[in-house]
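So the chains spell out like this:
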Amino acid sequence: MKAMYLANYFLAGCIAFSLLGWIASLHPMAMKAVLFLLAGIAIAWGLSWLLDYSLSKLLKISVADLQAVLIGGLAMLLIGLGVFLCS
């Protein structure tokens, strides 16, 4: 059951990043806004990797689960950027 929930979140994340890529392609100002948002997400993602032990205690999950979520987030971002670059 847990894998099904993670698959749904992964699919929703891929759709969300693809939508951001589509919005960014509409107008140059939207591109700047989306790039600013992606930079913030990248900073938060990097800090999550650096602070994984303390963050896992705060969220009350195991380090392996947190790292799995972070790897899934990177995969979602890469798929979304691929859709953006191909459109």
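Residues numbered from 1 in each chain as written. Predicted model: local features only at pLDDT ≥ 70, side-chain atom pairs only at ≥ 80, totals over all residues. Heavy atoms only, no water.

Caption draft 1: Fine view of the overall build of the protein chain. Scanning the protein chain for helices and strands turns up four helices and zero strands. The order of α-helices and β-strands along the protein chain, N terminus first, is α-α-α-α. Reported as C-alpha extents along the three principal axes, the dimensions of the protein chain are approximately 40 × 30 × 15 Å. In the protein chain, of all internal contacts separated by at least 6 residues, the share reaching a separation of at least 24 is 51%. Counting only carbon and sulfur atoms, one obtains 80% of the accessible surface of the protein chain, whose full area is about 6,300 Å². (Helix = DSSP H or I, 4+ residues; strand = E, 2+ residues; numbered from the N terminus. Contact = heavy atoms within 4.5 Å. Areas by Shrake-Rupley, 256 points an atom, 1.4 Å probe, with all protein chains shown as cover.)

Caption draft 2: Fine view of the packing of helix H3 (residues 52-59) against helix H4 (residues 63-86). Running from amino to carboxyl end, H3 crosses H4 at an angle of 105°, the nearest separation of the two axes being 9 Å. Judged by the angle between their axes, H3 and H4 are roughly perpendicular. Counting all contacts with H3, which are made through Asp52, Tyr53, Leu55, Ser56 and Leu59, the residues of H4 involved are Val63, Leu66 and Gln67. Residue composition of the contact of H3 with H4, grouped by class: five nonpolar, two polar and one charged. (Axes fitted to C-alpha atoms, helices over the stretch in contact; angles between N-to-C directions. Parallel < 35°, antiparallel > 145°, perpendicular 65-115°, else oblique. Nonpolar A, V, L, I, M, F, W, Y, C, P; charged D, E, K, R; others polar.)

Caption draft 3: Inspection of the layout of surface pockets at higher detail. Its volume calculated, the largest pocket comes out at about 470 Å³. Counting only elements with at least two residues in the lining of the largest pocket, the list comes to helix H1 (2-24), helix H2 (28-50) and H4. Take the lining of the largest pocket: its biggest share by element is nine residues, from H4. For the lining of the largest pocket, a count of residues per class yields 13 nonpolar, two polar and two charged. (1 Å grid on protein atoms, 1.4 Å probe; cavity = no way out; pocket = protein on both sides within 12 Å on 5 of 7 lines; lining within 4 Å. Points joined across faces, edges and corners; volume = space filled by probe spheres on them.)

Caption draft 4: Here's a closer look at the environment of alanine 3. Relative to the helices and strands, alanine 3 is located in helix H1. Along the primary structure alanine 3 and methionine 31 are separated by 28 residues, whereas in three dimensions their C-alpha atoms are 34 Å apart.

Caption draft 5: Expanded view of unusual backbone geometry. For lysine 60, which is not glycine, the phi torsion reads 60° and is therefore positive. Inspection of the secondary structure assignment puts lysine 60 in the loop between H3 and H4.

Caption draft 6: Broad picture of H1. Over its 23 residues, H1 extends 33 Å from the first C-alpha to the last, a length consistent with the 33 Å expected when each residue adds 1.5 Å. When we look at burial in H1, the residues that qualify are Gly13, Cys14, Phe17, Ser18, Gly21 and Ala24. Contacts from the buried residues of H1 go to H2 and H4. (Expected span 1.5 Å × (residues − 1). Buried < 20%, exposed > 50% of the residue type's maximum accessible area, 1.4 Å probe, protein only.)

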